[in-house]
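# Structural description and commentary
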Amino acid sequence: MLSDHVEANMRNWDERVEDHLVAYNASAFVRNPSAVWAGVEAKLLAPFLPNGSFVGVDMVHLQCHIGLDTLSFARRGANIVGTDLSREAIRAAVDLAERAGLPNATFVQCANEDAPDLLGRSFDVVFTSVGVLTWLSDLDPWAQSIHRLLRPGGVFLVYDGHPMMNVMEYERDDGKLVVGEPYFHSTSPIRFDDGVTYASDTRMANSVTYQWPHDLAVIFGSLLGAGLEIEAFDEHQAMPWKALPNLEPTDAGWVLPGTSPKIPLMFSIVAGDLTRSCPVRRVLSRSVGLANIQKRRLLGRADQVKSERLGSIAMINQRGRLGRVGYETVIKAAELDLMSSVTRRDGLRVKTLLHQDFVEIGRSGRLWDREELVRALIQEDIDESPVVDEWAFVALSRNLVLVTYLVCGFPNDSRHASIWDISVEPPVMRFHQGTPVTQAVVERSVGRRRM
Ligand SMILES: C[S@@+](CC[C@H](N)C(=O)[O-])C[C@H]1O[C@@H](n2cnc3c(N)ncnc32)[C@H](O)[C@@H]1O
């Protein structure tokens with residue numbers, strides 16, 4: 001039985017469908033086989049998939065609306081089911097899938113809570129994004145459904161409007177960010193009557209909606225309470241729709257103007273049940289997944305790092321709670337990230353890890369700056385999972401940390417030294433040098449744990 005509030009929301013969503021098919025130019029989308037949307041979601045999920053690929057991955061997309069993002073993942077090669085409570089949205093999505101010739105995308109009309117029983121199976125990836133949580137009165141059943149829908153070791157992504165952005169007044173023309181709505185979760189919904197849908201200026205007969213605020217603690221709490229573990233959390237400065245009046249369009253999405261103080265507009269959480277293992281995770285070991293798995297494990301293993309006390313940095317920890325993580329752990333994770341082939345092919349990601357005046361002394365003695373190294377890594381053809389050991393950390397000054405470690409493979413054994421600048425968050429690598437070691441040296445270290 002749907003509550004009166006949800007019934008009203010469904011009348012609203014059913015009515016929006018015809019208008020959204022036009023506003024999103026759905027006909028052009030189905031006609032163009034290379035049209036793929038949900039790029040941010042794909043980028044956030046890719047590091048958790050074998051070789052970052054969606055081909056053959058079993059996915060479910062909750063609150064899929066008319067299914068254009070769902071179809072985008074079908075075009076990336078996933079087998080995907082979209083679910084939504086709106087009958088009209090699902091009717092439109094089924095029609096679009098047929099017209100696009102994508103039998104690997106199917107759609108089921110249902111509430112999130114009913115999806116596990118109705119679908120009757122589990123998935124490698126569960127995701128939901130862009131304007132979803134505010135329609136749910138209670139996140140606990142939502143999170144429990146996600147846990148049930150996830151195959152052991154599967155990955156969940158939510159990418160949605162940030163609760164901080166949601167509290168800002170919309171009806172302003174002075175460009176100011178003013179808090180006008182409650183931040184904290186409430187079981188009583190807020191009534192809205194905008195008269196139009198966000199995608200166009202069409203007047204609506206069923207214009208009243210009810211939406212629920214959910215603060216970050218409630219969002220994290222629901223996922224943790226359902227037995228999920230947080231693997232990644234981020235806050236984004238660009239968003240895919242114009243949710244505040246003074247946002248400006250950029251290639252990355254809508255952003256606050258340069259003159260405005262910045263607040264997070266979107267957030268993303270990747271979660272999973274890491275206590276269970278499944279095939280899709282096991283094959284991660286030769287891709288960027290290794291770095292992620294190492295990162296995750298490292299959060300609980302700082303005691304294995306030989307170091308002087310270096311202080312700590314505020315981060316979401318292994319249990320998904322905000323806490324302080326030692327610089328050893330943060331730097332070690334960043335070093336491992338830099339060894340992942342997926343990261344090395346992502347020039348922007350590499351740049352965020354390197355100081356703008358970064359210098360590397362290569363094996364040949366050549367000096368590399370940041371731009372040269374980024375260009376070289378993109379062209380590199382290495383897809384190895386290195387074994388890394390003998391980590392040591394020394395604080396050279398308040399802001400600089402010397403890190404040394406031994407790498408086996410990748411492609412040859414080598415001993416490395418980096419200097420990290422910890423005056424910025426996250427820290428950046430200022431200097432790096434790797435020196436080949438002889439087999440004799442490596443063998444003395446064999447028997448060490450593989451990470
Ligand atoms: C903003 S749309 C999601 C848009 C989608 N991400 C896209 O880009 O097309 C929100 C969707 O949530 C669905 N919805 C609202 N309340 C729901 C509920 N209680 N259970 C399931 N779906 C719901 C609506 O029908 C609507 O299609």
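Scroll up to find the structure this text is about.
Below is a summary of the structure that appears in this document.

Parameters at a glance
- Residues numbered from 1 in each chain as written.
- Predicted model: local features only at pLDDT ≥ 70, side-chain atom pairs only at ≥ 80, totals over all residues.
- Helix = DSSP H or I, 4+ residues; strand = E, 2+ residues; numbered from the N terminus.
- Contact = placed C-beta atoms within 7 Å.
- Buried ≥ 20, exposed ≤ 12 C-beta atoms within 10 Å, placed from the backbone.
- Axes fitted to C-alpha atoms, helices over the stretch in contact; angles between N-to-C directions.
- Nonpolar A, V, L, I, M, F, W, Y, C, P; charged D, E, K, R; others polar.
- Near = placed C-beta within 6 Å.
- Pairing = 2+ DSSP bridges.
- Core = buried A, V, L, I, M, F, W, Y, C linked by C-beta atoms within 7 Å.

The next subject is the overall build of the chain. Along its length, the chain carries 16 helices and 21 strands. Restricting the contact set of the chain to residue pairs at least 6 apart, pairs at least 24 apart contribute 67%.

Before going further, it helps to spend a moment on the environment of Gly 434. Structurally, the position occupied by Gly 434 is in strand β21 (residues 428–436). Exposure remark for Gly 434: the 18 C-beta atoms within 10 Å place this residue in the partly exposed category. Through-space distance from the C-alpha of Gly 434 to that of Ile 361 is 7.5 Å; in sequence the pair is 73 residues apart. For Gly 434, the contacting residues outside a window of four places in its chain are Arg 363, Ser 414 and His 416.

It is worth spelling out the packing of helix α1 (residues 4–23) against helix α5 (residues 87–100) at this point. At a closest axis distance of 7 Å, the pairing of α1 and α5 adopts a crossing angle of 35 degrees. Within the contact between the two elements, α1 uses Trp 13, Asp 14, Val 17 and Leu 21 and α5 uses Arg 87, Glu 88, Ala 89 and Ala 92. Its residues assigned to classes, the contact of α1 with α5 comprises five nonpolar, no polar and three charged.

Attention now moves to the site of the ligand. Lining the immediate environment of the ligand, one finds 19 residues, of which His 65, Leu 85, Ser 86, Gly 131 and Trp 135 sit closest. Secondary structure elements with two or more residues in the shell around the ligand: α1 and α4 (68–75). Broken down by element, the shell around the ligand gets its largest block of residues, three residues, from α1. A class-by-class count of the residues in the shell around the ligand yields ten nonpolar, seven polar and two charged.

Another aspect to go through is the sheet that holds strand β2 (residues 79–84). Two modes of strand pairing occur in sheets, parallel and antiparallel, and in both the strands are linked by backbone hydrogen bonds. Ordered in space as β3-β2-β1-β4-β5-β12-β8, the seven strands form an open sheet in which the pairing is mixed. Single-partner strands in this sheet number two, and they are β3 (105–109) and β8 (229–236). Taken pair by pair, the neighbouring strands of this sheet meet at an average axis angle of 15 degrees, ignoring direction. Here five bridges tie β2 to β3, and the two strands are oriented parallel to one another. Bridge pairing in β3 places Thr 83 opposite Val 108. With respect to the sheet, α5 is in contact with β2 and β3, its orientation differing from that of β3 by roughly 165 degrees.

Pairing in this open sheet of three strands is antiparallel, and the strands run β9-β11-β10 from one edge to the other. Edge positions in the open sheet fall to β9 (238–239) and β10 (248–250), since each of these has one partner strand only. Sheet analysis places β9 next to strand β11 (residues 253–255), joined by two bridges and oriented antiparallel. Paired with Met 239 across the strands is Trp 254, a residue of β11.

Moving on, we come to the nonpolar core. Judged by nonpolar contacts, the single largest core of 73 residues is most densely connected at Val 126 and Phe 156. Leave out the neighbours within four places in its chain, and Val 126 touches Val 60, Leu 62, Ile 146, Leu 149, Leu 150, Gly 154 and Phe 156. Counting 21 residues, the second largest nonpolar core, distinct from the first, contains Ala 334, Leu 336, Met 339 and Leu 354.

Moving on, we get to unusual backbone geometry. Despite not being glycine, Asn 51 shows a phi value in the positive range, around 55 degrees. Looking at where Asn 51 falls in the secondary structure, it is placed in the loop between α3 (39–45) and β1 (58–62). For Asn 51, a count of 15 C-beta atoms within 10 Å puts it in the partly exposed group. One non-glycine residue, His 65, lies in positive phi territory at about 55 degrees. By the element assignment, His 65 lies in the loop between β1 and α4.

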